[in-house]
Each structure stands twice: as structure tokens, then as C-alpha cells.
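# Geometric and topological summary
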Amino acid sequence: QVQLVVFGGVLVQAGGSLRLSCAASGRTFSSYAMGWFRQSLGKEREFVAAINWNGGNAYYADSVKGRFTISRDNAKNTVYLQMNSLKPKDTAVYYCAARSTTGYSSNRYGYDYWGQGTQVTVSS
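All of the points below concern the structure found in this document. The structure displayed is predicted, hence computed values, not measured ones.

## Overview of the pattern of salt bridges
Side chains carrying opposite charge are able to pair once their charged atoms draw close together. With the rule as written, the count across this model stands at 4 salt bridges. Taking the shortest distance from any N to any O, the salt bridge between Lys65 and Asp62 comes out at 3.2 Å. Where Arg67 meets Asp90, a salt bridge forms, and the shortest distance between an N and an O atom there is 2.7 Å. Here the residue Arg67 occupies a position in the loop between β6 (58-60) and β7 (68-73), and Asp90 occupies one in the loop between β8 (78-83) and β9 (92-99), the gap between them amounting to 23 residues. We note that Arg67, like Asp90, is buried. Among the charged side chains, a network of salt bridges with common partners joins Arg38, Glu46, Arg67 and Asp90.

## Comments concerning the nonpolar core
Membership of the largest hydrophobic core comes to 36 residues, with the highest contact counts inside it found for Leu4, Met34, Trp36, Leu81, Met83 and Tyr94. Of all the secondary structure elements, the ones that give two or more residues to this core are β1 (4-7), β3 (18-24), β4 (33-39), β5 (46-51), β7, β8, β9 and β11 (118-123).

## Side note on the packing of aromatic side chains
For the structure shown, the criterion picks out 8 aromatic pairs. Each member of the aromatic cluster is reached from another via a ring pair, and the members are Phe37, Phe47, Tyr59, Tyr95, Tyr104, Tyr111 and Trp114. Note that Arg45 overlies the ring of Trp114, its terminal NZ or CZ placed 5.0 Å from the centroid.

## Digging into the side chain of Arg45
Assignment of secondary structure puts Arg45 in the loop between β4 and β5. Glu44 provides the closest opposite charge to the buried, salt-bridge-free Arg45, at an N-O distance of 9.5 Å. Within polar-contact distance, the side chain of Arg45 engages the side chain of Gln39 at 3.5 Å.

## So, the pairing of β5
Here β5 lies mainly inside the structure; 5 of its 6 residues are buried. The turn linking β5 back onto β6 is made up of 6 residues, and Gly55 within it adopts a positive phi angle of 80°.

## Details of the state of the cysteines
Overall, the coordinates contain 1 disulfide when judged by the stated rule. Linked covalently through their sulfurs, Cys22 and Cys96 form a disulfide whose S-S length is 2.1 Å. Note on the Cys22 and Cys96 pair: the S-S dihedral is about -80°, so by sign convention the disulfide is left-handed. Note that Cys22 is positioned in strand β3 and Cys96 in strand β9, a separation of 74 residues in sequence.

Criteria and thresholds
- Residues numbered from 1 in each chain as written.
- Predicted model: local features only at pLDDT ≥ 70, side-chain atom pairs only at ≥ 80, totals over all residues.
- Heavy atoms only, no water.
- Salt bridge = Lys/Arg side-chain N within 4 Å of Asp/Glu carboxyl O.
- Helix = DSSP H or I, 4+ residues; strand = E, 2+ residues; numbered from the N terminus.
- Buried < 20%, exposed > 50% of the residue type's maximum accessible area, 1.4 Å probe, protein only.
- Core = buried A, V, L, I, M, F, W, Y, C linked by side-chain atoms within 4.5 Å.
- Phe/Tyr/Trp six-rings, centres within 6.5 Å; stacked < 30°, edge-to-face > 60°.
- Lys NZ or Arg CZ within 6 Å of the ring centre and 35° of its normal.
- Lys, Arg positive; Asp, Glu negative; His and termini not counted.
- Polar contact = N/O pair within 3.5 Å; in protein donor to acceptor, adjacent residues only side chain to side chain.
- Pairing = 2+ DSSP bridges.
- Disulfide = S-S within 2.5 Å.

Structure, rendered in C-alpha cells:
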């Protein structure tokens, strides 16, 4: 029903910046809340950021507040994650997710569709 494709994962140095993009197919993208999650080796998938259906509200994990920004462009069916001041601890596979409601959630089980994930490695 919904396909999510993530672009932008690369190797970056500590202190650098990177923007991830998630392009979604489907007729109802504009009504979905969107989220970003990440998973590092040996750990469970954790919440990073989320945004409601029209971009009017955003929510961030404490670990990324002040450094990451989530945004969306419904005309392009795309959600973004701008990552600044990257740290080695940010190294993980990053996933884009869609929730079939208009309000965001920090719970991974509240999301219905997932992108393939992309590796982000931050070197020191």
C-alpha cells in the first residue's frame, strides 16, 4: 500500500551535517504522521523524531534535540531529517516510518509502514 525509499546515508565526520530524505508513494501521504527511527549494532530500534500530518508539530528524542530537524513537503510526498553536529553515537541505520493517523507517535509500534533503512556512519 505504501512504499518508503530513503536517500542520503553516507559516511561523515564528527561535527558534520547530513540530510536524509524519505520519498513516499501512496495517495494518502498528506494525512499520515511521519517518523524517523534508528538502530545501532546490538541495540533495539529507537525513536529519533516525528512530525504530524501538516508539519505543524514536531517531536524529538532528547538525544537529538537542538541538533536534528524533521520537516516534510507534502507536495513532494517527502519527509526530511536534517542532522547537524553529528556525533559518533549517532552511527546507526536510520529508518523512515509512516503512521496512518494525523498525529505523531514516539512508539515504534504505532507506525504501519517502514522504509528500507540507510546506514549513517559518523567517524571521530
